[in-house]
Amino acid sequence: MKLEPVFFVKENKLYKIDDNSPFAAEQLQKIEILWSKVELEDEIYNEEFLASLRDDLKSLEVQGKFAVLVPIIDKPLENAEQIESFTNACNHTARRVKDCISVAGFEIPAEISDFHDFIEILSKKHAQYVYFSHNKEIGDSSIVVY
């Protein structure tokens, strides 16, 4: 099931597609997701946790609220293999919540230097997401810096 985007980014600001109205990123509920909670072992995912996350997101959807998923890196991230594992865990999370309209997008962790790769992998099947960052120097017009 592919969802249509709800938001778009213009000049580092978030807008709702249906009426082009500005939407304050501060209104998004931030949901922190520990990497270790999603990926228990290499490529072994915690489906029970992800099902619970989906339920929470569906509850937000009923309330007409939106969230940004905030991946937290709480395991070593020191080489390309670990970065790939982290990105795959985020992508797996996106697959498990793919039908949740309440998900505006993902925050890009500061530890991810190649954010384009992160976005490209998640966007292959989840083009509706917007990406968020706290890095004021990111300089990418498609990312909301908040």
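What counts, and at which threshold
- Residues numbered from 1 in each chain as written.
- Predicted model: local features only at pLDDT ≥ 70, side-chain atom pairs only at ≥ 80, totals over all residues.
- Heavy atoms only, no water.
- Salt bridge = Lys/Arg side-chain N within 4 Å of Asp/Glu carboxyl O.
- Helix = DSSP H or I, 4+ residues; strand = E, 2+ residues; numbered from the N terminus.
- Buried < 20%, exposed > 50% of the residue type's maximum accessible area, 1.4 Å probe, protein only.
- Phe/Tyr/Trp six-rings, centres within 6.5 Å; stacked < 30°, edge-to-face > 60°.
- Core = buried A, V, L, I, M, F, W, Y, C linked by side-chain atoms within 4.5 Å.
- Contact = heavy atoms within 4.5 Å.
- Expected span 1.5 Å × (residues − 1).
- Arc of directions from axis to C-beta.

1. Focus: the pattern of salt bridges
For step 1, the next point in the chain: Taken as a whole, this structure holds 5 salt bridges when the rule is applied.
For step 2, the next point in the chain: Here Lys75 ties to Glu39 by a salt bridge, and the two come within 3.5 Å at their closest N and O atoms. One end of the pair, Lys75, is in the loop between strand E6 (67-72) and helix H3 (80-96); the other, Glu39, is in strand E4 (residues 39-41), and 36 residues separate them in sequence.
For step 3, the next point in the chain: As a salt-bridge pair, Arg54 and Asp99 come within 2.6 Å of each other at their nearest N and O atoms. With Arg54 in helix H2 (residues 47-63) and Asp99 in the loop between H3 and strand E7 (103-107), the pair connects residues that are 45 residues apart, well separated along the chain.
For step 4, the next point in the chain: A relative accessible area of 28% places Arg54 in the partly exposed class.
For step 5, the next point in the chain: Look at the salt bridges and you will find they share partners, linking Arg54, Lys58, Glu61 and Asp99 into a network.

2. Points about unusual backbone geometry
For step 1, the next point in the chain: Its identity as a non-glycine residue notwithstanding, Glu11 has a phi of 50°, on the positive side.
For step 2, the next point in the chain: Relative to the helices and strands, Glu11 is located in the loop between strand E1 (7-10) and strand E2 (13-16).
For step 3, the next point in the chain: Note on Glu11: relative accessible area 68%, which makes it exposed.
For step 4, the next point in the chain: The backbone of Asn12 shows a phi angle near 65°, a positive value even though the residue is not glycine.
For step 5, the next point in the chain: Of note, Asn12 is situated in the loop between E1 and E2.
For step 6, the next point in the chain: Asn12 gets classed as partly exposed once you look at its relative accessible area, which sits at 32%.

3. Focus on the packing of aromatic side chains
For any pair of aromatic rings, geometry is given as the distance between the ring centres together with the angle between the planes.
For step 1, the next point in the chain: Per the counting criterion, the structure on display carries 9 aromatic pairs.
For step 2, the next point in the chain: Look at Phe7 and Phe66: their rings are 4.9 Å apart centre to centre, the planes differ by 80°, and that puts the pair in the edge-to-face class. Remark: Phe66 occurs in the loop between H2 and E6 and Phe7 occurs in strand E1; sequence separation between them is 59 residues.
For step 3, the next point in the chain: Chaining the aromatic ring pairs together yields one cluster made of Trp35, Phe86, Phe118 and Tyr131.

4. Here we look at the nonpolar core
For step 1, the next point in the chain: Counting 32 residues, the largest nonpolar core has Leu57, Phe106, Phe118 and Tyr131 as the members making the most contacts within it.
For step 2, the next point in the chain: Mapped onto this core, the elements with two or more residues apiece are strand E3 (29-34), helix H1 (35-38), H2, E6, H3, E7, helix H4 (115-123) and strand E9 (143-145).
For step 3, the next point in the chain: The element contributing the most residues to this core is H2, with 5 residues.
For step 4, the next point in the chain: When near neighbours in sequence (up to four residues on either side) are disregarded, Phe118 contacts Phe86, Thr87, Cys90, Phe106, Glu107, Ile108, Pro109, Ile112 and Tyr131.
For step 5, the next point in the chain: Among the nonpolar cores identified, the runner-up in size contains 14 residues, and Ala25, Leu28, Val68 and Ala104 belong to it.

5. Comments concerning H2
For step 1, the next point in the chain: In this model, H2 (17 residues) spans 24 Å end to end at C-alpha, consistent with the 24 Å of a helix rising 1.5 Å per residue.
For step 2, the next point in the chain: For H2, the complete set of buried residues consists of Phe49, Leu50, Leu53, Leu57 and Leu60. Buried residues in H2, looked at end-on, bunch into an arc of 95°, giving them a common side. Turned more than 90 degrees off the buried face of H2, the exposed positions are Glu48 and Val62.
For step 3, the next point in the chain: If you follow the buried residues of H2, they end up packed against E3, H1, E6, H3 and E7.

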